[in-house]
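# Structural description and commentary
What follows is each chain in one-letter form.
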Amino acid sequence: MKKIGFLLTIQFCSQLLFAQVSQNLSPTPPMGWMSWNLYGLDINERIIKANADALVETGLSKVGFQYICIDDGWQGGRDKYNNLIPDLEKFPSGIKALADYVHSKGLKFGIYSSAGKTTCGHLTGSYGFEEQDAKVFAEWGCDYIKYDFCDLPSDTLLWRELGAKFSNGIKKTGRPMVYSIGAFDEISKPWTWAPAMSQSWRMGWDIRDVWETEKYTWDKNGILNTFDSNIVLNNYARPGGWNDPDMLVVGLYGKGWASSKWGNTGGCTDIEYQSNMSLWCLLAAPLMISCDLSTINAATKDILSNEEIISINQDPSGKQATLKIKDSIWNVLIKPLADGNYAIGILNRSKTNLPFQLNFKELGLLGKYNIRNVLQHKMDGNNKTVWKGKVQSHETIVLFVSAGKN
Ligand code: GLA
C-alpha cells in the first residue's frame, strides 16, 4: 500500500514538473515560419536563409514570429555512427551552420523528424534512434522539433509510447526544445495523450490553401473545416500546451507544393486569409507562417503583423475561444483574456455580405462595454450592450471588448 502511495506521489510530482517545463518552454503559442506548405520536400539552405532574412527585414520577428522551422525534406540518411545527416546537396554547410545562421539573426531554429522508420516524405525517420536523434538535434542547436507519425499503424498506444520515447530523449539532452507532435489521424487522437509529453499537438489533417471543402479528408481540408474540428477541443489548450490546427495558409495564393498542388485549390482571397489569422488567434493556436516571406505583398504583411490580434493569440491566460452562437451562417466566438476583458470573433460563413447585430447578453456579458475593432485599429462605440455592423462573406471580425460605464 505504502509503495503504491509512494509511486503515485512520484508520478504526481513528475507531472507537476512537466507542466512547469512546458509553461517555461511555451507559455504562449509558438510563432514562426515553417517550410512545408510552400516548398514541400524541395527545400535547401538558400531558401531557409532567405526566409530567415525576410522574417527580420519585414519586421515580423519584432511582432513575435521567432521560429524558423525546416519541415520534412532535409534528411540524407545516417552516418557510420548512425547519427542523422542532412542531404548535402540541399544543405552543403550542414544543419548546425544553418541553425547558427538563424540564431545570429536573433531567431530560433526548428527541425522535423518522424516516429516511424521513414517520414511522411519517405526519408529517414527516428524509429529505434529516438534518444540519439534528440541528442543530435540538441547538438545542432535546435529549439523546436516537429515530430510526425508516418509509416506506423494507427494505434493510440503505439503512438503514445513512441511519442514518449522521443520526449524522454529530449529531456535527457537538457536543452530546452519545444516538442510539437506534428501528426494526426482519427484513431490516434493526439490530444488524448500528447498534452502529457509535448507543448503542442496537431488536431487535424494537413491544411490546404482553400476556404472550405465538402469533405474533411487528409487531402481535402480547408480553413473552415480545420476550424470546425478545432473549436470543440477548447478544453485541451492551456499555457504550455496547444491544439495545433496546422500552419497559416495566409499569402500562399494557390502556390505551393503541399497545400495547393495536392489539394489543387486555387488559393483564397485576402478576406479569407484574414479570417485564417483571426480564427487561429482566437483559437490560441501556434502561428506558423508558410508563404514565401521574401516576396510577401502588402496585404499579407498587414494581416500577419497586426499586433492587436497577435496580443489576443499571445494572451497569458492561454484560453482557447469557445463557440457561443452557431448556425449555418453565423459563428460567434468568445475568448476570455487575462485582464478580465474579452476578444470576440464574428464569422460570416455564407457566400453573401450581411449585416449582423450582436447582443452581448447572448454571450453572457450583461453590462455595458467599450468596443474596439481590432482589424481596423479603431474604437467602435463606448458603453454599449449591442454591436451592429456589416460582415463580408467569409470574414471574421474581431472585437476587443472591455467594461464600460454601467
Ligand atoms: C505530414 C504532416 C505535414 C508535413 C508532412 C511532411 O503530412 O502533417 O505537416 O510535415 O508530413 O512529410
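Below is a summary of the structure that appears in this document. (Residues numbered from 1 in each chain as written. Predicted model: local features only at pLDDT ≥ 70, side-chain atom pairs only at ≥ 80, totals over all residues. Heavy atoms only, no water.)

Quick look at the site of the ligand now. The environment of the ligand is made up of Trp36, Asp71, Asp72, Tyr112, Cys120, Gly121, Lys146, Asp148, Gly182, Arg202 and Asp206. The contact in question runs from an oxygen atom of the ligand to an N or O atom on the side chain of Asp148, over 2.9 Å. For the ligand, the accessible surface in isolation is 310 Å², of which the surrounding protein chains cover 92%. For the shell around the ligand, a count of residues per class yields three nonpolar, two polar and six charged. (Near = heavy atom within 4 Å. Polar contact = N/O pair within 3.5 Å; in protein donor to acceptor, adjacent residues only side chain to side chain. Areas by Shrake-Rupley, 256 points an atom, 1.4 Å probe, with all protein chains shown as cover. Nonpolar A, V, L, I, M, F, W, Y, C, P; charged D, E, K, R; others polar.)

Here we come to the sheet that holds strand 15 (residues 369-373). Across the sheet, which stays open at both edges, the six strands sit in the order 11-12-13-18-15-16 with antiparallel pairing between neighbours. Among the strands making up the open sheet, the edge pair consists of strand 11 (322-326) and strand 16 (378-379). When strand 12 (residues 330-336) meets strand 13 (residues 342-348), the two strands line up antiparallel, connected through seven bridges. If you follow Leu333 over to strand 13, its bridge partner there is Gly345. Contacting strand 12, strand 13 and strand 18 (396-403), helix 9 (residues 270-282) runs over the sheet at an angle of about 40 degrees to strand 18. (Pairing = 2+ DSSP bridges. Helix = DSSP H or I, 4+ residues; strand = E, 2+ residues; numbered from the N terminus. Contact = heavy atoms within 4.5 Å. Axes fitted to C-alpha atoms, helices over the stretch in contact; angles between N-to-C directions.)

Moving on, we get to the state of the cysteines. The tally for this structure, following the rule as stated, stands at one disulfide. Disulfide pairing is shown between Cys120 and Cys150; the S-S distance is 2.0 Å. When the S-S torsion is 100 degrees, as for the bridge of Cys120 with Cys150, the disulfide is right-handed. Note that Cys120 is positioned in the loop between strand 5 (108-114) and helix 5 (130-140) and Cys150 in the loop between strand 6 (144-148) and helix 6 (156-173), a separation of 30 residues in sequence. Taking relative accessible area as the criterion, Cys150 reaches 23% and is therefore assigned partly exposed. Among the cysteines around Cys69, which has no disulfide bond, Cys142 carries the closest sulfur, lying 9.6 Å off. (Disulfide = S-S within 2.5 Å. Buried < 20%, exposed > 50% of the residue type's maximum accessible area, 1.4 Å probe, protein only.)

It is worth spelling out the nonpolar core at this point. Core analysis: the biggest nonpolar cluster contains 90 residues, and Trp74, Phe137, Phe149 and Trp280 have the highest contact counts within it. Top contributing element to this core by residue count: helix 9, with six residues. Once residues within four sequence positions are removed from consideration, Trp280 is found in contact with Ile207, Ile223, Thr226, Phe227, Pro245, Asp246, Met247, Leu248, Ala285, Pro286, Leu287 and Asn313. Within the second largest apolar cluster, 18 residues are counted, among which are Val332, Ile334, Leu358 and Leu363. (Core = buried A, V, L, I, M, F, W, Y, C linked by side-chain atoms within 4.5 Å.)

Further remarks concern unusual backbone geometry. One non-glycine residue with positive phi stands out, namely His122, at about 65 degrees. By secondary structure assignment, the location of His122 is in the loop between strand 5 and helix 5. What makes His122 exposed here is its relative accessible area of 67%. One non-glycine residue, Ala284, adopts positive backbone phi at about 55 degrees. Here Ala284 lies in the loop between helix 9 and strand 10 (287-289). Of the residues examined, Ala284 reaches a relative accessible area of 0% and is grouped as buried.

Limitation: the analysis is restricted to geometry and does not speak to function.
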